[in-house]
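Each chain, written out:
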Amino acid sequence: MTDTPLTAIPLTTLDGQATTLADLAEGAALIVNVASKCGLTPQYRALEELAQRYGPRGLTVVGVPCNQFMNQEPGTPEEIRTFCSTTYGVTFPLLAKTDVNGPDRHPLYAELTKTADADGQAGDVQWNFEKFLIAPDGAVVNRFRPRTEPDAPEVIAAIEAVLPR
């Protein structure tokens, strides 16, 4: 898979459609593994605010439901979509439920997890709501651990740095 650009790795949307990051995001992307029954689930609100605020400048937030952390995303695709839209007003794209760690790790996450965080640590996703910022050229430029809020100053600064003025 290393010969395939990150933006061309095959993905599946929550409603089962084949896609890629290149299809979903014309500019930068913030990829976040999400869950509906996690203490960090309220981050959906700030993620939607980022999507609304920076979407016109070329940022696409992409939610990746994952049930690998204490079964905190047990729902069907329809349950996930309904929860996200009715509880948090989510309008950004959601992918199909995906493994982000382990032997069935999705190829997207096999690439993303090579990126180190601010402390220089790469490797497995720690928990729900880990964030990866992809520049418009397809390079992974930042990794933010789950407890870093989507609207934290360091996340905003990173987003601002990759978007056109």
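Remember, it's a predicted structure, so these values are computed and weren't measured experimentally.

Cut-offs applied
Residues numbered from 1 in each chain as written. Predicted model: local features only at pLDDT ≥ 70, side-chain atom pairs only at ≥ 80, totals over all residues. Heavy atoms only, no water. Disulfide = S-S within 2.5 Å. UniProt positions renumbered as here; feature names shortened; annotations may be inferred. Helix = DSSP H or I, 4+ residues; strand = E, 2+ residues; numbered from the N terminus. Salt bridge = Lys/Arg side-chain N within 4 Å of Asp/Glu carboxyl O. Buried < 20%, exposed > 50% of the residue type's maximum accessible area, 1.4 Å probe, protein only. Pairing = 2+ DSSP bridges. Right-handed = clockwise from strand over helix to strand, strands pointing away.

## So, the state of the cysteines
Move 1: Within this structure, the stated rule accounts for 0 disulfides.
Move 2: With no disulfide partner, Cys84 has as its closest neighbouring cysteine sulfur the one in Cys38, 13 Å distant.

## A word on the UniProt feature "active site" (unreviewed entry) in the chain
Move 1: Under the present numbering, the feature "active site" (unreviewed entry) in UniProt falls on Cys38.
Move 2: Checked against the element boundaries, Cys38 lands in the loop between strand S3 (28-34) and helix H2 (43-54).

## As for the pattern of salt bridges
Move 1: Per the counting criterion, the structure on display carries 6 salt bridges.
Move 2: The salt bridge involving Glu130 is made with Arg145; its shortest N-O contact spans 2.8 Å. Within this pair, whereas Glu130 is found in the loop between helix H4 (107-112) and strand S5 (131-134), its partner Arg145 is found in the loop between strand S6 (140-144) and helix H5 (153-162), the two being separated by 15 residues in sequence.
Move 3: For Arg145, a relative accessible area of 12% puts it in the buried group.

## Points about the pairing of S3
Move 1: Burial analysis of S3 places 7 of its 7 residues in the buried class, which makes it a mostly covered element.
Move 2: Taking every second residue as pointing to the same face, both faces of S3 are buried, with Ala28, Leu30, Val32 and Val34 on one and Ala29, Ile31 and Asn33 on the other.
Move 3: Strand direction decides the pairing type here: S3 and strand S4 (residues 59-65), joined by 7 bridges, are parallel. The residue of S4 that forms the bridge with Val32 is Gly63.
Move 4: Considered for its hand, the β-α-β crossover made up of S3, H2 and S4 is right-handed.
Move 5: Here S3 pairs with S5 via 4 bridges, running antiparallel. Bridge pairing in S5 places Ala29 opposite Ile134.

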